[in-house]
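A closer look at the structure
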Amino acid sequence: MTTPSTPEITIPAHLLPADGRFGCGPSKVRPEAVQALVDSADAARGGPYLGTSHRQARVQFEVGALRNGLAELFALPDGYEVMLGNGGTTSFWDAATFGLIDQRSQHLRFGEFSSKFADAAAAAPHLQEPSNLFAEPGTHPMPVADPEVDTYCLTHNETSTGVAMPLERPAGADGLVLVDATSAAGGLRFDPAEVDVYYFAPQKCLASDGGLWLAAVSPAAVERIERISGSGRWVPASLDLAIALDNSRKDQTYNTPALATIFLANQQVDWINQNGGLEWAASRCDRSAEAIYGWAEGSKYATPFVKDPAERSHVVATIDLDAAVADANIVSRVLRANGIVDTESYRKLGRNQLRVALFPAIDPDDVVALTACIDHVVEALA
Ligand SMILES: *Cc1c(COP(=O)(O)O)cnc(C)c1O
C-alpha cells in the first residue's frame, strides 16, 4: 500500500494557534509545568526530586500533595479518599475485576473504552457474565437498577466518540457506581456523592504523562475493597486494591512509580485549584466547546458528530467533514505538516472525522485558531 502524499499547503503564520497540540492523550503538557520539573532539580526549591527514592519524604510529599489537591479539586465528601497505582486506566480495569466487582457488573457500552472494561469483566473467570447496556456511537445509555448487579460501570466521557454523560446513581440501586473518568477528570463537572469510584489516568485533563492510575473512592468502595480482600479470592499483588489502598494512605505506591508523571499531574491540579478549581477548568472547556461546535454548526462542510447538544463532550470534540468536500485524513495530515498535531479521528469509529481535545490545558483561543486553520486547509484543497 502506498500512502498518498500530503498536499503542500502552508497555513499563514497569523492563523496558527500558539500551541498546536490537540491530541486526546497523551495531550498537551503546559510548558510552565515542564519548567517547574526542570526547576525541581534545584535543592533550594525543596528538590532534588527526580532521581530520588519514592520511599522518602520528598516524593511522598509530592504524592500527598497530589492526593490532597485532587480531593480539593473534586470537593470530595468526608470519608472519600484518593488512591493511586501503576499501570494507567487499563490496569485499573483489571484491578477492579479482582477487587471491586463482587459477582456481577453492569456496563454502559457506547464506544471503545467503555467496551474494553466490559470485555475485561466478561473474561474474568471468577465473575458472572456482566450485563451490557448498549447505545449507538454518538449517544449514551443510562444505568438501570438491577437487583442482580453489584457494580455499575459508567464512562464520564467516551473519548472514542466525544460523548459525555451525566453521573447519577440509578434510582433504587444499592451497588457501587464506578466511573471511568480518564478523559473527564479535571475538565467536566460532577457530584462526587453520585459515584463510589471516580478513576482516571493523568495524560488527559491532568496534562501529565501516562502509566499511573488515580481513583477517588467512597467509604462504600473502601468497604468493598476490604471485604473482597478478606474473602480469599486470589488477586495478583500488583492488581490488589487493598495493597494499593494501604500504600496510598502512606503517600506511596506498591512498586516504583514514574516520578515525573506525579509531579506534572500535581502541577496541573495546583494550577486549576489556584485559578478557581473545577468550575474554572470546566468553564474553560465550555468556551473551547462553544468555539468548535459553534463553528461546525455554522460551517457548510463540518457537522458535530454527536447530534444531541446535551451529549456533546466539552473535553473531546468529534467533527464530521462532508466527504464530498474534504478527506479528513488529508486535512489532519496537512495540519500536522503545519505543526498542528493529533486531530485524527478514532480509527475504529471509521468516519470522515476530526477529533479535537478541549482539555483545560488547551487555550480556548487556540481552539478558535484551529477552526480558522481547518477552513484555510479545506479551502486550499478545493
Ligand atoms: C485514554 C482512555 C483510557 C485508557 O487509558 P490508559 O491509561 O491508556 O489505560 C481509558 N478510558 C478512557 C475513557 C480513556 O479516554
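Right, let's walk through the structure included here. Per chain, the residues get numbers from 1 upward, laid out in the order the sequence is written. For this predicted model, a pLDDT threshold of at least 70 governs which residues receive local features, and a threshold of 80 or more governs which side-chain atom pairs are given and counted, while totals over whole chains, interfaces and linings are taken from all residues. Excluding hydrogens and water, the side-chain figures rest on all heavy atoms present in the structure.

**Re the pattern of salt bridges**
As a reminder, the rule being used: Here a salt bridge means any side-chain nitrogen of Lys or Arg lying within 4 Å of a carboxyl oxygen belonging to Asp or Glu. Only DSSP runs of H or I with at least four residues qualify as helices, and only runs of E with at least two residues qualify as strands; both kinds are numbered from the N terminus onward. Burial classes: relative accessible area under 20% of the type maximum marks a residue as buried, over 50% as exposed, and values in between as partly exposed (1.4 Å probe, protein chains only).
Following the criterion strictly, the structure yields 19 salt bridges and no others. K348 is the partner of E112 in a salt bridge, and the nearest nitrogen-oxygen pair spans 3.2 Å. With E112 in helix α4 (residues 112-123) and K348 in the loop between α9 (328-337) and β12 (353-357), the pair connects residues that are 236 residues apart, well separated along the chain. The partner of E226 in a salt bridge is R249, with the nearest N and O atoms 3.9 Å apart. Separated by 23 residues along the polypeptide, E226 in helix α5 (residues 219-229) and R249 in helix α6 (residues 241-249) bring together distant segments of the chain. Note on E226: relative accessible area 43%, which makes it partly exposed.

**Focus on the sheet that holds strand β7 (residues 176-180)**
Put simply, the rule is: By definition, two strands form a pair when at least two bridges between them are found by DSSP. Think of each axis as a best-fit line through the C-alpha atoms, taken over the contacting stretch in the case of a helix, with angles from 0 to 180 degrees between the N-to-C directions. What makes two residues a contact is simply this: any of their non-hydrogen atoms within 4.5 Å.
Spatially, β1-β9-β8-β7-β4-β2-β3 is the arrangement adopted by the seven strands of the open sheet, whose pairing is mixed. The sheet is open, and its two borders are formed by β1 (81-86) and β3 (131-134), each paired with just one other strand. Pairwise comparison of adjacent strand axes, ignoring direction, gives a mean angle of 20° for this sheet. Here strand β4 (residues 151-155) pairs with β7 via five bridges, running parallel. In the strand pairing of β7, L154 is matched with V179. Where α6 meets the sheet, it contacts β1 and β9 (212-217), and its direction lies at approximately 115° from that of β1.

**Digging into the sheet that holds β12**
One open sheet accounts for three strands, arranged β10-β11-β12; its pairing is antiparallel. Pairing within the sheet leaves two strands with one partner each, and these edge strands are β10 (302-304) and β12. When the angles between neighbouring strand axes are averaged without regard to direction, this sheet yields 30°. Pairing of strand β11 (residues 316-321) with β12 involves five bridges; the strand directions are antiparallel. Bridge assignment links T318 to a residue of β12, and that residue is R355.

**Here we look at unusual backbone geometry**
Residue P26 is bonded to the preceding G25 through a cis peptide linkage, with omega at -10°. Assignment of secondary structure puts P26 in the segment before α1 (31-39). The backbone phi angle of A75 is positive, close to 50°, even though this residue is not glycine. Summarising the element assignment, A75 is placed in the loop between α2 (57-73) and β1.

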